[in-house]
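Tertiary structure, described
Listed below are the residues making up each chain.
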Amino acid sequence: MSGPVLVTGAAGRVGTVLREGLPERGWPVRSLDVVELPEPRPGEETLVADVTDLGALTAATAGAAAVVHLAGVSGESTWAAVSSANIQGTWTVLEAARRTGVGRVVLASSNHATGFTRRPASGPLGEHDGPARPDTFYGVTKVAGEALGSLYADRYGLDVVCLRIGTQAPEPPTTRALATWLSPRDTVALVDAALRAPSPGFRVVWGTSANTRGWWDLAAARELGYQPQDDAEQFAAALVAAHGEPDPADPVHARVGGEFTLPAYDAEEEAP
Ligand code: 15L
């Protein structure tokens, strides 16, 4: 593959990590966001566009080696806001890739596509144990994004790798994240593997670090070549001292989507 990797939503949390980390792994980056990108890196191309603008996205995708699609609303919102940015936006990215002949798209999906799944009593959850069970409108858009990826893989032959990301952050922010954390270093490693894997076709993989308390099986991600380096356990003592051991009977810990499954995340609460 030649040409830069187009990263949409490059100004966001994950995008900021990739703008730094992908070039270190040999991928030049073309960064796109709806806001002006701060501090362009040497060799980085930057673009400002709305991810639902097909003309702009087609122009931005032309000549790219692959697309890493992160843009969108990253939590619960009104149906209008989240469906436009996340479903229309993902269709736009895939359609732009098809029109320009870019063969690989890595989609940022989310654990919230399966958020109402009960945490396993023992043993890890594989991707097939996690059918669509969204916990929010946001989760529904991630299910739809995966479905669009599947369609574009089957109908048009694109390689589409969907990363069901856990909690991407510099450090695990909560005791739940002792299971769900994806470190910055492992974020880069996971996306790099999704970009490099030979002919993956359509894949859905969990995206976490190698957390001792993790409940998602990383076998499918490892099959792509992902080798996680980090484990949230190094932060466990401090988090447990501050918040107590996670109680499996607490609704936040009983379902994989955590607090997104709580009544407070009913999008009615978000409606204007
Ligand atoms: C996500 O999908 C969100 O984008 C992020 O803000 C976190 O809430 C994360 O999931 C999580 O489950 O911790």
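It should be noted that the structure appears before, not after, this text.
A few points on the structure. (Residues numbered from 1 in each chain as written. Predicted model: local features only at pLDDT ≥ 70, side-chain atom pairs only at ≥ 80, totals over all residues. Heavy atoms only, no water.)

1. Looking at the nonpolar core
- Grouped together as the largest cluster of nonpolar side chains are 38 residues, with contacts concentrated most on Val7, Leu18, Leu22, Val68, Leu163, Leu195 and Tyr226.
- Examining the composition of this core, we find that seven residues originate from one element, helix α6 (residues 184–196), more than from any other.
- Within the second largest apolar cluster, 24 residues are counted, among which are Leu54, Ala60, Leu107 and Val204. (Core = buried A, V, L, I, M, F, W, Y, C linked by side-chain atoms within 4.5 Å. Buried < 20%, exposed > 50% of the residue type's maximum accessible area, 1.4 Å probe, protein only. Helix = DSSP H or I, 4+ residues; strand = E, 2+ residues; numbered from the N terminus.)

2. Side note on the sheet that holds strand β3 (residues 45–48)
- As summarised here, the arrangement of the seven strands in space is β3-β2-β1-β4-β5-β6-β9, forming an open sheet in which the pairing is parallel. Whereas interior strands pair on both sides, the edge strands pair on one side only; in this sheet they are β3 and β9 (202–207). Here the average twist between neighbouring strands, direction ignored, is 20°.
- Pairing of strand β4 (residues 66–69) with strand β5 (residues 104–110) involves three bridges; the strand directions are parallel. Each residue of the ladder has a partner; that of His69, found in β5, is Leu107.
- Each of β5, β6 (159–165) and β9 touches helix α4 (residues 137–156); the most contacted strand, β5, lies at about 160° to it. (Pairing = 2+ DSSP bridges. Axes fitted to C-alpha atoms, helices over the stretch in contact; angles between N-to-C directions. Contact = heavy atoms within 4.5 Å.)

3. Observations concerning the environment of His253
- Structurally, His253 can be placed in helix α9 (residues 251–254).
- With relative accessibility at 9%, the residue His253 sits in the buried group.
- The spatial distance from the C-alpha of His253 to the C-alpha of Arg176 is 6.6 Å, given a sequence separation of 77 residues.
- Those residues in contact with His253 that sit more than four places away from it in its chain are Arg119, Thr175, Arg176, Pro246, Asp247 and Pro248.

4. Comments concerning the pairing of β5
- Buried residues dominate β5, accounting for seven of its seven residues.
- The parallel pair β4 and β5 is bridged by helix α3 (residues 79–100), and the resulting crossover is right-handed.
- Where β5 lies against β6, seven bridges are found, and the strand directions are parallel. Its bridge partner being in β6, Val105 is matched across the sheet by Val160. (Right-handed = clockwise from strand over helix to strand, strands pointing away.)

5. A few points about the packing of aromatic side chains
- Taken as a whole and assessed by the stated rule, the structure comprises seven aromatic pairs.
- Ring centres of Trp206 and Trp216 lie 4.9 Å apart, and the angle between their planes is 20°; this geometry places the pair in the stacked category. A residue pair is termed long-range when its members are at least 10 positions apart, and Trp206 in strand β9 and Trp216 in the loop between β9 and α7 (219–224) qualify at ten residues.
- For Trp206, a relative accessible area of 1% gives the class buried.
- Trp216 sits in the buried class, given a relative accessible area of 5%.
- Members of the aromatic cluster, connected to one another through ring pairs, are Tyr138, Phe260 and Tyr265.
- The ring of Tyr156 is capped by Arg98, whose NZ or CZ atom sits 4.9 Å from the centre of that ring.
- Arg164 extends its terminal NZ or CZ atom over the ring of Trp206, reaching a point 5.0 Å from the ring centre. (Phe/Tyr/Trp six-rings, centres within 6.5 Å; stacked < 30°, edge-to-face > 60°. Lys NZ or Arg CZ within 6 Å of the ring centre and 35° of its normal.)

6. Digging into the pairing of strand β1 (residues 5–8)
- In β1, alternate side chains face the same way, and those of Val5 and Val7 on one face and Leu6 and Thr8 on the other are all buried.
- Two elements, β1 and strand β2 (residues 29–33), share four bridges in a ladder whose sense is parallel. Bridge pairing in β2 places Val5 opposite Val29.
- Taking the sense of rotation as the criterion, the β-α-β connection linking β1, helix α1 (residues 13–24) and β2 turns out right-handed.
- Judged from the four bridges that link them, β1 and β4 form a sheet pairing that is parallel. Bridge pairing in β4 links Val5 to Ala66.

7. A few points about the pattern of salt bridges
- Counting across every chain of the model gives 13 salt bridges.
- In this structure, Arg104 and Asp159 form a salt bridge, with 3.7 Å as the shortest nitrogen-oxygen distance. Placement of Arg104 in strand β5 and of Asp159 in strand β6 is noted, with a sequence separation of 55 residues between them.
- Residue classification places Arg104 among the buried residues on the basis of a relative accessible area of 6%.
- The exposure class of Asp159 is buried, given its relative accessible area of 16%.
- Residues Arg196 and Asp192 are paired through a salt bridge, measuring 2.8 Å at the closest nitrogen-oxygen approach. With Arg196 and Asp192 both in helix α6, this residue pair falls four residues apart, about one helical turn.
- By sharing partners, the salt bridges in this structure join Arg25, Asp192 and Arg196 into a single network. (Salt bridge = Lys/Arg side-chain N within 4 Å of Asp/Glu carboxyl O.)

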